[in-house]
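What the coordinates show
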Amino acid sequence: MDSLRQRSSTVQEPPGAARAHRTPPPAWQPCTDPAPLLPDAEPLRVLGTAAAADADPALLLRLYAELVRGRRYNTQATALTKQGRLAVYPSTTGQEACEIAAATALEDRDWLFPSYRDTLAAVARGLDPVQALTLLRGDWHTGYDPHEHRIAPLCTPLATQLPHAVGLAHAARLKGDDVVALAMVGDGGTSEGDFHEALNFAAVWRAPVVFLVQNNGFAISVPLAKQTAAPSLAHKAVGYGMPGRLVDGNDAVAVHQVLTEAVARARRGGGPTLVEAVTYRIDAHTNADDATRYREAAEVEAWRAHDPVLLLERELTERGLLDEDGRRAAAEAAETMAADLRERMNADPVLDPMDLFAHVYAEQTAQLREQAAQLRAELEAEGEA
């Protein structure tokens, strides 16, 4: 009994607290050495450094074209809200490097799990822009087939897509499928329980999943300092037993490099990675938000000088990879996309009220069948009147 009593008490003791007796392996002992999991002190940067010279010119030009297109997509979608064609739009202006890198770091067989702000990532992965905006227009819960492009439905509740990504990645590994899931979330989403549960499951199961946190400074009006006292969000990875990476979220090349490495690590069985991309939300939280109430204009202007499009454009120009003709071609391609989006979004959709009951369950419940019958009767009566 005395030995059991001694064992139960010493298990809870911190290091060095009990030296007078032999201590069993403590419950607090980490599973792995934490040192390799810690992020660097400063965000990784490529553009403007010596490392940029080693970047693939074809990749740089591809990222630039996507960034220009993404910026135009953001401005056009924002304009559609002012015209009443979109109910709401959470812009990613200033965050395009994260969005584009997330889409281009994945293989076709991989899955993207976006949040409501990540329509640009979905478009960059090949989704029709109109389909990407269907949810925000209020037409359907999801305006696309998730299996076609391997993009999970846009997630409006914060962070609930993260456990879904872990589940899919874990299931794929059990089946022997060579699939990686990349889940996107904002800094505000890291304050949700789903975030912590997803990281814990992913690390314990060594699931092939990459978590990309876009730290844009604010959870609506709440600055990061009021959400966490951690040195960085990337440091949170260590507590779950996975590597944390810190990257300049406005450096498209750096984000692409970090995500590509994390995806490759997950694919070869190395387990999950948490990537924090430090970026900034230039526009308001949504078109319904007044950002001037909680941040200064000077702060926004300071971040405009670190614009992801300009950073990459400067690098390409200095290396002689981009001239005025190249800039004009990228802008014209972006404008063509915007014109097509504008034209198709200006057409009133034909909606069937009975679609409310479609795709809710594989087999409708008795309650849904009753409600559908009631609505059908009301619509028929209205038509006769």
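Our subject is the structure that appears above.
Residues numbered from 1 in each chain as written. Predicted model: local features only at pLDDT ≥ 70, side-chain atom pairs only at ≥ 80, totals over all residues. Heavy atoms only, no water.

Comments concerning unusual backbone geometry
Positive phi, close to 75°, is recorded for Ala-159, a residue that is not glycine. Along the chain, the position of Ala-159 falls in the loop between α7 (146-149) and α8 (161-175). Classification of Ala-159 by relative accessible area gives buried; the value is 2%. (Helix = DSSP H or I, 4+ residues; strand = E, 2+ residues; numbered from the N terminus. Buried < 20%, exposed > 50% of the residue type's maximum accessible area, 1.4 Å probe, protein only.)

Overview of helix α13 (residues 324-345)
Between its first and last C-alpha, α13 extends 31 Å over 22 residues, near the 32 Å set by a 1.5 Å rise per residue. Looking only at α13, the buried set comprises Ala-330, Ala-334, Met-337, Ala-338, Leu-341 and Met-345. Along the axis of α13, the buried residues cluster in a sector spanning 95°; they form a single face. Residues of α13 that are exposed and point more than 90 degrees away from the buried face comprise Asp-325, Thr-336 and Glu-343. Turning to α13, the residues buried within the fold contact α2 (57-82), α5 (129-132) and α6 (134-137). Of the residues flanking the start of α13, the one acting as N-cap is Asp-323, its side-chain oxygen 3.2 Å from the backbone nitrogen of Asp-325. (Expected span 1.5 Å × (residues − 1). Arc of directions from axis to C-beta. Contact = heavy atoms within 4.5 Å. Polar contact = N/O pair within 3.5 Å; in protein donor to acceptor, adjacent residues only side chain to side chain.)

Quick word on the layout of surface pockets
Approximately 410 Å³ is the volume attributed to the largest pocket. Every residue lining the largest pocket is counted, 16 residues in all, and those nearest its centre are Asp-139, Trp-140, His-141, Asp-355 and Ala-358. Its residues assigned to classes, the lining of the largest pocket shows 9 nonpolar, 4 polar and 3 charged. (1 Å grid on protein atoms, 1.4 Å probe; cavity = no way out; pocket = protein on both sides within 12 Å on 5 of 7 lines; lining within 4 Å. Points joined across faces, edges and corners; volume = space filled by probe spheres on them. Nonpolar A, V, L, I, M, F, W, Y, C, P; charged D, E, K, R; others polar.)

Focus: the nonpolar core
Tyr-73, Leu-133, Leu-182, Leu-259 and Leu-312 are the most contacted members of the largest nonpolar core, which has 64 residues in total. Excluding residues within four positions of it along the chain, Leu-133 makes contact with Tyr-73, Ala-77, Leu-86, Tyr-89, Thr-119, Leu-341 and Met-345. Counting 26 residues, the second largest nonpolar core, distinct from the first, contains Ala-152, Phe-211, Leu-233 and Met-242. (Core = buried A, V, L, I, M, F, W, Y, C linked by side-chain atoms within 4.5 Å.)

Looking at the pairing of strand β7 (residues 273-278)
With 5 of 6 residues buried, β7 is to be regarded as a mostly interior element. When strand β3 (residues 209-215) meets β7, the two strands line up parallel, connected through 6 bridges. In the sheet register, Leu-212 faces β7, and the bridge partner there is Val-275. Here strand β6 (residues 244-248) pairs with β7 via 5 bridges, running parallel. Directly across from Gly-244, in β7, lies its bridge partner Leu-274. Handedness of the crossover joining β6 and β7 through helix α10 (residues 252-267): right-handed. (Pairing = 2+ DSSP bridges. Right-handed = clockwise from strand over helix to strand, strands pointing away.)

Re the sheet that holds strand β1 (residues 111-113)
Judged by pairing direction, the sheet is parallel, and its 5 strands sit side by side in the order β1-β2-β3-β7-β6 without closing on themselves. Whereas interior strands pair on both sides, the edge strands pair on one side only; in this sheet they are β1 and β6. Along the sheet, successive strands turn relative to each other by an average axial angle of 20°, direction set aside. The strands that α8 touches are β1, β2 (181-186) and β3; relative to β2, the one it contacts most, it runs at about 170°. (Axes fitted to C-alpha atoms, helices over the stretch in contact; angles between N-to-C directions.)

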